[in-house]
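Inside the fold
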Amino acid sequence: MTSSPRVVVIGAGIVGANLADELTARGWDRVTVLDQGPLPLTGGSSSHAPGLMFQTNASKTMTEFARYTVEKFAGLHVDGAWCLNQVGGLEVATTPARLADLHRRLGWATSWGVEGRVVDAPECVRLHPLLDRDRVRGGLHVPTDGLAKASRAVVALARRAEARGARFQGSTRVVGIEQSGGRVTGVRTTGGVLPADVVVSCAGFWGRAVGAMVGMEVPLLPLAHQYARTGQIAELVGRNDDLAEAGLPVLRHQDEDLYFREHGDRLGIGTYAHRPMPVRLSDLAVDGEIDAASMPSMLPFTEDDFAPSWENARRLLPALGSAKVEEAFNGVFSFTPDGGPLIGESADVAGFWIAEAVWVTHSAGVGRAVAQLLVDGRSEIDLHGCDVHRFEDVALGEDYVGETAQQNFVEVYDVLHPLEPRESPRGLRVSPFHARQQELGAVFLEAGGWERPHWYEANAGLVADLPPGWVPPERDDWSARFHSPIAAAEAWRTREAVALYDMTPLKRLEVSGPGALALLDRLTTNTMDKPVGAVTYTLALDAAGGIRSDLTVARLGPELFQVGANGNLDRDHLRREARADTHVRDITGGTCCVGVWGPAARDLVQPLSHDDFSHEGLPYFRAIRAHVGGVPVTAMRLSYVGELGWEIYMSAEYGQRLWDVLWAAGRDLGVIAAGRAAFNSLRLEKGYRAWGHDMTTEHNPYEAGLGFAVRPRKGDFVGRDAIAGLSAETVTRRLSCLTVDDGVGMVLGHEPVYLDGRPAGYVTSAAFGHTVGRPVAYAWLPASATPGTAVEIGYFDRRIAATVTPEPLVDPQMTRIRR
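Because the structure is predicted, anything quoted here is derived from the model rather than measured. (Residues numbered from 1 in each chain as written. Predicted model: local features only at pLDDT ≥ 70, side-chain atom pairs only at ≥ 80, totals over all residues. Heavy atoms only, no water.)

Examining the overall build of the chain
- Scanning the chain from terminus to terminus reveals 18 helices and 43 strands.
- A compact globule built from 819 residues would reach a C-alpha radius of gyration of about 28 Å, and the chain, at 28 Å, matches this within 12%.
- Dimensions along the principal axes, computed over C-alpha positions, put the chain at roughly 85 × 65 × 50 Å.
- The buried share of the chain, taken over its 819 residues, is 59%.
- If you take every contact in the chain between residues at least 6 apart in sequence, the share linking residues at least 24 apart comes to 73%.
- Split by element, the accessible area of the chain, about 31,000 Å² in all, is 49% carbon and sulfur.
- Across the chain, the 80 positively charged side chains and the 101 negatively charged ones have centroids separated by 4 Å. (Helix = DSSP H or I, 4+ residues; strand = E, 2+ residues; numbered from the N terminus. Rg over C-alpha atoms; globule rule 2.2 N^0.38 Å. Buried < 20%, exposed > 50% of the residue type's maximum accessible area, 1.4 Å probe, protein only. Contact = heavy atoms within 4.5 Å. Areas by Shrake-Rupley, 256 points an atom, 1.4 Å probe, with all protein chains shown as cover. Lys, Arg positive; Asp, Glu negative; His and termini not counted. Charge placed at Lys NZ, Arg CZ, Asp CG, Glu CD.)

Shown next, in the form of structure tokens:
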């Protein structure tokens, strides 16, 4: 029998204990869990965590992490004492905006399979009698939410893992990671070296320091967060015995950044309303023994910061009027640039993994996911929003992490629109066209540090010229945010004339060398061994057939390929898989791209070039090296908007020159600049998928409607065996196109979809289809929901009638794109 790898987990808090439990449950019994603090209260964030378990999240992944954690903790006990008290969760609204948002949150819960309901003010008071009836407008009640006892759960998990062979070792400080030949070999501690094949840092706010031991940048910031306990409250006396601790739902008052839980006949109050308080690890340095009286994660309470929150708490809960704060502290925990956890393996030191910035709410889910990655090579839950390598390089700097993590702290309970850009830092990455875009009044949103035009105010005059059928309807207040009817004009001009789209921010990778073809052929589903000049749409699958990315691969030389990718995760994946004879280089920042699309695209480009841009000279999905306006370019006959045209790539120093040439030459053709709002509408009308939104590793190609990109007969590739025998006819669910029946009701994504009155799926992408004159959405639905099936989409507190519709909605014969 083959023995399991030697695993050392750094950190014996709630994440490390869950990981040890999950690994040993899968037969990996050589697991050692280390912590610098004493067991079981090690002095990290788990030792003082208030333990409120609210499952609902905009992210499907985070909600599934939480749901699994609730299910797991509900089955844990220590000597008869609970680890999860399932008292339910209640989020209350004191403003109309918050009440509307609670309906939106209920939509998320329904989409992700968590039952809940929005209740009126009297029902809120019935559920939590301490509430002031006159201040509350309503609430979101989720009965399966509850209260976790993190310190007790750690004991239960450790006992179970130890019974299967794991070892927990406290008061042991890690001082280094041993490595050889690019792999971990052990963990160096104050007591010696522990040999290891795999090391997983679950060190919480110490994670950045542990990552630095292998040269890994871990983008997290320790922040202090205030928590206080009151004295005895008369209204709670006699309600709870010592074992139960709580009987009322855990409570959120997000309008004032507050949450509450019972401690017997006392209340615990947490607040995010105070100023961000970043903590330097040097200030938490542990010189001696850690004990219950000197936990590094519990800092002195700053009473002045708490004063406004105390007054707001007393207004919501009048029973606090005569109460006093008896115990309080500033507790340290971790925030990241986008608020998500950090999971993944070092790009440089194989076998060194991290699972950081994880709250108790998601701890078991993350532990299971990491265990699956280690044992099975993949997680059953999509992790692209949690992978530590999702960040662009600019997001790893200490200043960026510090500013964005603090902003996430401030906004943790804010009502945020899905398109809402961060206010700062901005202007970090701009394309060579940026100056011209500013002159045209571009309204920029931000992604990955890039400034991305959403629409151009210079096109406002075109709105009055829109022909009948193109005039968009009025939007509700929510869907009108970060939107303009100018997008309709830009879509119209793209369909009827020609438009320039800045495609620079899209990730571009250069794969070269003798092994380049073999690498791409092994990792993707479509045929890569095509003549120079071929462009191929393909998928990268994981071993179970899940879609880890979709790629557009252009063969520019016998050993040279340009890969249009989705982000840094693709760069990380290709680099890990590349052998010594293959080089993977990110060329995004040094190059730029303009999409020239529309029926007049050839009339614009051909006169500027001596190269042949005719349909015969440059067919669809082909690429050529050419000169346009004297600028050396690579032109690819592709179109993500469904119109004739090209993606034209060049070195960044030529970008502004080419833009100016195209702009001047296109005046007589009515050329415009168009933004992402029009782009997204046009791509949905053509049925083009967006990875990470429409499909992930949780979906196979046939479910996602992408079976055309799979060539099983080409030979072996990753995921081939897993999808053998599958087809569009055998799937039980399908990514489906929906159109809104009344032509008006807008949705934005993540809303639940109802079939025969029952939740059956969720929206992945949505936009107003300006060509078809009605809102368009894509949604995951049962395969039985064939075209013509009537469904409803949940949008805030109402349902919008929609119909499953054949796709694509525009030009199914592809005549416009192949002119």
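Looking at the pairing of strand 17 (residues 250-253)
- Going residue by residue along strand 17, you find V250 and R252 tucked away on one face and L251 and H253 tucked away on the opposite face as well.
- When strand 7 (residues 89-93) meets strand 17, the two strands line up parallel, connected through four bridges. For V92, the partnering residue across the bridge sits in strand 17 and is H253.
- As defined by bridge partners, strand 17 adjoins strand 18 (residues 258-263) across three bridges and the pair is classed as antiparallel. (Pairing = 2+ DSSP bridges.)

A closer look at the packing of helix 1 (residues 14-25) against helix 2 (residues 60-74)
- Between helix 1 and helix 2, the least distance of the axes is 14 Å, while the angle of their chain directions is 75°. When the axes of helix 1 and helix 2 are compared, the pair comes out roughly perpendicular. Between helix 1, through I14, N18, D21 and E22, and helix 2, the contact on the second element is made entirely by Y68, K72 and F73.
- The class makeup of the residues in the contact of helix 1 with helix 2 is three nonpolar, one polar and three charged. (Axes fitted to C-alpha atoms, helices over the stretch in contact; angles between N-to-C directions. Parallel < 35°, antiparallel > 145°, perpendicular 65-115°, else oblique. Nonpolar A, V, L, I, M, F, W, Y, C, P; charged D, E, K, R; others polar.)

What to know about the packing of aromatic side chains
- One pass over the full model with this rule turns up 26 aromatic pairs.
- Note on Y640 and F679: the rings are 5.3 Å apart at their centroids and 35° apart in plane angle, and the pair reads as tilted. Residue Y640 is found in the loop between strand 35 (631-636) and strand 36 (645-651), and its partner F679 is found in helix 17 (residues 676-685); the two are separated by 39 residues along the sequence.
- F679 sits in the buried class, given a relative accessible area of 3%.
- Through successive ring pairs, a cluster of aromatic residues spans Y227, Y259, Y272, F329, F333, F335, W359, F409 and Y413.
- The side chain of R493 reaches across the aromatic face of W492, ending 5.2 Å from its centre.
- Between the NZ or CZ atom of R799 and the centre of the ring of Y754, over which it lies, the distance is 3.5 Å. (Phe/Tyr/Trp six-rings, centres within 6.5 Å; stacked < 30°, edge-to-face > 60°. Lys NZ or Arg CZ within 6 Å of the ring centre and 35° of its normal.)

Regarding unusual backbone geometry
- Residues S424 and P425 are joined by a peptide bond in cis, for which omega reads -5°.
- Tracing the backbone through its elements, the reader meets P425 in the loop between helix 9 (398-410) and helix 10 (434-439).
- Look at the link from E807 to P808: it is a cis peptide, with omega at -5°.
- In this fold, P808 is placed in the segment after strand 43 (798-804).
- Non-glycine residue D79 carries a positive phi angle of around 55°.
- With respect to the secondary-structure elements, D79 resides in the loop between strand 4 (77-78) and strand 5 (81-82).
- Unlike most non-glycine residues, D257 shows phi in positive territory, near 60°.
- Tracing the chain through its elements places D257 in the loop between strand 17 and strand 18.

Comments concerning the pairing of strand 28 (residues 508-512)
- Of all five residues in strand 28, five are buried; the element is thus mostly enclosed.
- Burial along strand 28 is two-sided: R508, E510 and S512 facing one way and L509 and V511 facing the other are all buried.
- Relative to strand 31 (residues 560-564), strand 28 runs antiparallel, the two sharing five bridges. Bridging across to strand 31, S512 finds its partner in L560.
- Relative to strand 32 (residues 583-586), strand 28 runs antiparallel, the two being bridged by four bridges.

Overview of empty space enclosed by the protein
- Considering all chains together, one arrives at six cavities of 30 Å³ or more under this definition.
- Estimates place the volume of the largest cavity at around 60 Å³.
- Every residue along the wall of the largest cavity is listed here: R452, P453, Y501, D502, M503, A674, G675, R676 and F679.
- Counted by class, the lining of the largest cavity contains five nonpolar, one polar and three charged residues. (1 Å grid on protein atoms, 1.4 Å probe; cavity = no way out; pocket = protein on both sides within 12 Å on 5 of 7 lines; lining within 4 Å. Points joined across faces, edges and corners; volume = space filled by probe spheres on them.)

Examining the layout of surface pockets
- When its volume is computed, the second largest pocket comes out at roughly 900 Å³.
- Lining the second largest pocket are 35 residues, with W353, L373, G377, D387 and R548 sitting closest to its centre.
- The set of elements that each furnish at least two residues to the lining of the second largest pocket consists of strand 23 (342-345), helix 8 (363-376), helix 13 (516-523) and helix 14 (568-577).
- The element that contributes the greatest number of residues to the lining of the second largest pocket is helix 14, accounting for six residues.

On their own, these measurements won't tell you what the molecule is for.
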